[in-house]
Amino acid sequence: MPTFAGVDHVSLTVTDLERSVRFYAEVLDFVQVIDAGYGRVCMHPRTGFVLGLVRHEGAQGTPFTELATGLDHLGLVAASRDELVAWEERLRGAGVPYTPVRDMPLGHHLAFRDPDGIALELYAPNDVMAAALRELRSREVAPEELLAMARQVLGAPPA
């Protein structure tokens, strides 16, 4: 059965390309590598993650809302909760509104928004989730085993 090997890129519709490129470069360290006129391709130098920013001709230009069908938020990975605290300082210094780090059952979350209001999140797995992710990445796991692992991590009773 065919499968995919990972996530290659995400492309976001924005209202102002220059403002968005500046935000993603200054706040998240992306580098613009292609200018296609109607869109920009940005790459994160440390991770290789590709982010497309597009301004569609005739777009309505309304602010993002996760209440519309489509993207809810874009989640990016941080190394640790301490790193999220450092990100809070960086966001505060850049004048980016954010929700303070929240500790949740699977890890720690720091939510903020780009200039168009697109919801972004930095996530650091807790020790239990990090161990589960290492296990998943180390070998092939059958769907049934994945479900059992998820229930264990969440502390849910077996199915």
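As the structure is a prediction and not an experimental result, all values here were calculated from the model.

Conventions used here
- Residues numbered from 1 in each chain as written.
- Predicted model: local features only at pLDDT ≥ 70, side-chain atom pairs only at ≥ 80, totals over all residues.
- Heavy atoms only, no water.
- Helix = DSSP H or I, 4+ residues; strand = E, 2+ residues; numbered from the N terminus.
- Expected span 1.5 Å × (residues − 1).
- Pairing = 2+ DSSP bridges.
- Axes fitted to C-alpha atoms, helices over the stretch in contact; angles between N-to-C directions.
- Buried < 20%, exposed > 50% of the residue type's maximum accessible area, 1.4 Å probe, protein only.
- Arc of directions from axis to C-beta.
- Contact = heavy atoms within 4.5 Å.

**Q** Pulling in residues and values, what's your account of helix 4 (residues 143–154)?
**A** Here helix 4 is twelve residues long and its end C-alpha atoms lie 16 Å apart, about the 16 Å a rise of 1.5 Å per residue gives. Phi for Gly155, located one or two positions after helix 4, is positive at around 75°.

**Q** Outline the sheet that holds strand 1 (residues 9–13), supporting the account with residue identities and numerical values.
**A** Spatially, 1-4-3-2 is the arrangement adopted by the four strands of the open sheet, whose pairing is mixed. Every other strand in the sheet has two partners, leaving strand 1 and strand 2 (31–35) as the edge strands with one partner each. The mean inter-strand angle of the sheet, taken between neighbouring strand axes irrespective of direction, is 25°. Sheet topology places strand 3 (residues 39–43) next to strand 4 (residues 50–54); five bridges connect them, and they run antiparallel. Looking at strand 4, one finds that Cys42 is bridged to Leu51.

**Q** Residue-level account of helix 2 (residues 81–93), with values.
**A** Helix length check: helix 2, at 13 residues, gives a terminal C-alpha distance of 19 Å against a target of 18 Å (1.5 Å per residue), a fit within 8%. Looking at helix 2, one finds that the buried residues are Leu84, Trp87, Glu88 and Leu91. Looking down the long axis of helix 2, one finds its buried residues gathered within 110° of arc, a one-sided arrangement. Along helix 2, exposed side chains directed more than 90 degrees from the buried face belong to Asp82, Glu89 and Gly93. For helix 2, the secondary structure elements touched by its buried residues are helix 1 (17–28), strand 6 (98–104), strand 7 (107–113) and strand 8 (119–125). At the exit of helix 2 stands Gly95, carrying a positive phi of roughly 75°.

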